[in-house]
Amino acid sequence: MKHLKKIAMYICCFGSAIAQTSCDLIDDDLSDCGKDYKLEYRMRLITNMDDELAQKLREADDEPIKASLRQHLLQFFSDSGHDLDLSFYLTADDEARRHHARQDMLGANQASYTIYLPAEQYRNLAVANSGREPLVLLQQDQQRSLAELFQLRADTIDSHRVGLFTGRHTIDPPAADTTIVVDLYMANCAAALVCDTTGYRVRDFRVYMTDMGDAFHVNDSVYTYTTKPIVRTRRVDAGIKNSVAFAGVTFPSADVPTRAAADDGRGSYWQMRAYVTLADGKTTETILYVRDPLKAANLRIIKCRMTGDGVVTPTVDANVGISFQLDWKPGMDFDQDM
């Protein structure tokens, strides 16, 4: 019986301590205990996809490849939200996360949630669709300044499978019935190479991208370029002969040139590399130096024509330089993903 009395006394003391530290019972004012933060998250897809397809593939002969390429890219350029990762950090504390939640947007482009938090000012970081992208991990998000979308480290990687969206917002304790809106914007991008092979037999055709970002810091909206992975593109089948298309999805390029081009001294921001194996078994490597950046949520199409020796030459884009090597021998192992 004495033990029961002691336990009851401890429970009462513990409860009183919590009440005194969490709220001011003397004034009977519960406003500082916590509030319902009503939050609405919106997927904002702002892309040039349709304009780029219409501008670069405008000929009648381009229609089949344009339709197939558009259908292929729609699974990436989509404002459908699925998994939504939410982190809340006190603005007075730059590092420690105070609350974390994972939500399901069920394929919608916006969703609303009510989250009960102590009445403080927070920095809210939101990331959508990272759970569907095996190549990119959301990590170190226990600390606001370190939270990042980290891409798999390897010499050669696949293209991203989905559009990744992020948002950041500083939120104050809300007034009654106030909804806080947080917009999420796409963090990755896409590029495509379309090549006319009329008149030539091709045994194999592979295309890669490089010089793109390898991580994205969510709080600052800053990309890093620590490594230069080779990114495999995917072949897009239009069901026609004499024309092939490849599409790749990855993080954007840097905003400044990363390599110096040998032909005229102008730097390239990123590259596409084409490997064409002809009927005789010889492979030609063509490196296409792209002289303007590829930004988040954007599509860049490079339209080309293949020559008899397997060189891939741009036909409508003067802002792309090339170098090539006939009878190329691989210096590294590129695994095929056609």
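Above: the structure in question.
Conventions adopted
Residues numbered from 1 in each chain as written. Predicted model: local features only at pLDDT ≥ 70, side-chain atom pairs only at ≥ 80, totals over all residues. Heavy atoms only, no water. Pairing = 2+ DSSP bridges. Helix = DSSP H or I, 4+ residues; strand = E, 2+ residues; numbered from the N terminus. Axes fitted to C-alpha atoms, helices over the stretch in contact; angles between N-to-C directions. Contact = heavy atoms within 4.5 Å.

Visitor: Provide a residue-level description of the sheet that holds strand S11 (residues 189-196), including the pertinent values.
Guide: The five strands are arranged S16-S17-S11-S22-S23 in an open sheet whose pairing can be described as mixed. In the strand order of this sheet, the two ends are held by strand S16 (234-236) and strand S23 (312-314), each with one partner. On average, each strand axis in the sheet is tilted by 35 degrees relative to the strand beside it, whichever way the strands run. Here S16 runs beside strand S17 (residues 243-250); their pairing, made up of three bridges, is antiparallel. Its bridge partner lying in S17, Val236 is registered against Ala245. Set on the sheet, helix H3 (residues 63-74) makes contact with S11, S16, S17 and strand S22 (299-306); between it and S17 the angle comes to about 20 degrees.

Visitor: Account for the sheet that holds strand S10 (residues 179-186), naming residues and giving values.
Guide: Pairing is mixed across the open sheet formed by seven strands, whose spatial order is S3-S2-S5-S9-S10-S1-S4. Of all the strands in the sheet, the pair left with one neighbour each is strand S3 (97-104) and strand S4 (110-117). The mean inter-strand angle of the sheet, taken between neighbouring strand axes irrespective of direction, is 20 degrees. Summarising the sheet, strand S2 (residues 83-90) and S3 pair through seven bridges and their orientation is antiparallel. By the bridge assignment for S3, Leu84 is matched with Gln103.

All we've got here are geometric facts, nothing functional implied.
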